[in-house]
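Observations on chain architecture
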Amino acid sequence: MCSSDLVTLAADGTTLGTCALPAGSGAGTAATCDVELAELLLHVGPAHDLVATYATTSTDFTGSSSDPLSVTTTRKTITVTGLAGTSRVYDGGTSATATGTPTLAGTIAGDDISIAGTPTYTFATEDVGTGIAIATTGFTLAGDDAGNYTLTQPTLSANITAKTLTVTGLTGVGRTYDRTTDARSEEHTSELQSLAYL
């Protein structure tokens, strides 16, 4: 093998690059040749057939090509960070809110991708509790490279605290001194305001 021996890497018949093999590799000796993948393989899509072709100027060897190697680029999973669930008082519903600034985590530097959409937050239960899971829906991806990613919606948590109730409809009744602390109300019925089911 001579120093002018070359390996060409092609995908689906399109040349990605060519590099020279080191001199003195010899027959039966493994030789590594790095070829940078072109734009063809940088995006999610159908499988590509990669073929390496060896060419030599030596009279001792002949050129050859490898069997096709199928390569598929799949979407990279990324997540949303920077948010925290907001605790609130019990109101009988499961609606929730969050604070913070949503940020994408796991993207490749230089890619044109950003977070979009209008999120909706929902408590896993309407009941009072601590550390209740909050499901998120509605975040989407935007940008030229958005199709190369799969977005995982964030899961948050927060507390639902008990709602305070008050009693109305009663009026204290005056009486003559009798050395006791007993008292009674003027009305026999009362009502709860701000009723909640605890």
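Below is a short write-up of the structure. Note that the structure is predicted; figures quoted are calculated from it, not measured.

1. Considering the overall build of the protein
When you go through the protein residue by residue, the secondary structure sums to 0 helices and 15 strands. Looking at the protein as a whole, 21% of its 198 residues are labelled buried. Relative to all contacts within the protein whose residues are 6 or more apart in sequence, the contacts with residues 24 or more apart total 57%. In the form shown here, the protein has an accessible surface area of approximately 12600 Å², with 52% of it arising from carbon and sulfur atoms.

2. Remarks on the sheet that holds strand β13 (residues 155–161)
By definition, the strands of a sheet pair up through backbone hydrogen bonds, in either a parallel or an antiparallel sense. Spatial ordering of the open sheet is given by β7-β13-β11-β10-β8, a layout of 5 strands whose pairing is mixed. Strands with a single pairing partner mark the edges of an open sheet, and in this sheet they are β7 (88–89) and β8 (95–96). Note: β8 against strand β10 (residues 114–123), 2 bridges, orientation antiparallel. Bridge pairing links A96 to Y121 in β10.

3. Digging into the side chain of R88
The topology assignment puts R88 in strand β7. Within the local environment of R88, its side chain forms a polar contact with the backbone oxygen of G93, the two atoms lying 2.8 Å apart. In contact with R88, other than residues within four places in its own chain, are G93, T94, S95, F123, N159, I160 and T161.

4. Regarding the pattern of salt bridges
Taken as a whole and judged by the stated rule, the model has 1 salt bridge. The residue R88 makes a salt bridge to D91 at a minimum N-O spacing of 3.1 Å.

5. Looking at the nonpolar core
In terms of nonpolar packing, the biggest core is built from 17 residues, with Y121, F123 and I134 touching the most fellow members. Contributions of two or more residues to this core are made by β6 (76–85), β10, β11 (129–142), β12 (149–152) and β13. Beyond its immediate stretch of four places on either side in the chain, I134 contacts G85, A96, T97, Y121, T122, F123, P154, T155, L156, S157 and A158.

6. Here we look at the sheet that holds strand β9 (residues 98–105)
Spatially, 3 strands are ordered β9-β6-β12 in an open sheet, and the strand pairing comes out mixed. The sheet terminates laterally at β9 and β12, the two strands that pair on one side only. Across the sheet, the mean angle from the axis of one strand to that of its neighbour is 25 degrees, orientation sign disregarded. For β6 and β9, the ladder comprises 6 bridges, and the chain directions are antiparallel. Bridge pairing in β9 links V80 to L104.

7. Some remarks on the pairing of β11
As defined by bridge partners, β10 adjoins β11 across 8 bridges and the pair is classed as antiparallel. From the neighbouring strand, S114 faces β11, where its bridge partner is A142. Between β10 and β11, which follow one another and run antiparallel, lie 5 residues. Of the pairings in the sheet, the one linking β11 to β13 comprises 5 bridges and is antiparallel in character. Along β13, the bridge assignment pairs I132 with A158.

8. A short note on the pairing of β6
The pairing of β6 with β12 spans 4 bridges and is parallel. Note that in β12 the partner of K76 across the bridge is Y149.

9. Considerations on the environment of Y54
Topologically, Y54 is positioned in strand β3 (residues 48–55). Sequence separation between Y54 and A20 is 34 residues, and the spatial gap between their C-alpha atoms is 9.7 Å.

What counts, and where the lines are drawn
Residues numbered from 1 in each chain as written. Predicted model: local features only at pLDDT ≥ 70, side-chain atom pairs only at ≥ 80, totals over all residues. Heavy atoms only, no water. Helix = DSSP H or I, 4+ residues; strand = E, 2+ residues; numbered from the N terminus. Buried < 20%, exposed > 50% of the residue type's maximum accessible area, 1.4 Å probe, protein only. Contact = heavy atoms within 4.5 Å. Areas by Shrake-Rupley, 256 points an atom, 1.4 Å probe, with all protein chains shown as cover. Pairing = 2+ DSSP bridges. Polar contact = N/O pair within 3.5 Å; in protein donor to acceptor, adjacent residues only side chain to side chain. Salt bridge = Lys/Arg side-chain N within 4 Å of Asp/Glu carboxyl O. Core = buried A, V, L, I, M, F, W, Y, C linked by side-chain atoms within 4.5 Å. Axes fitted to C-alpha atoms, helices over the stretch in contact; angles between N-to-C directions.

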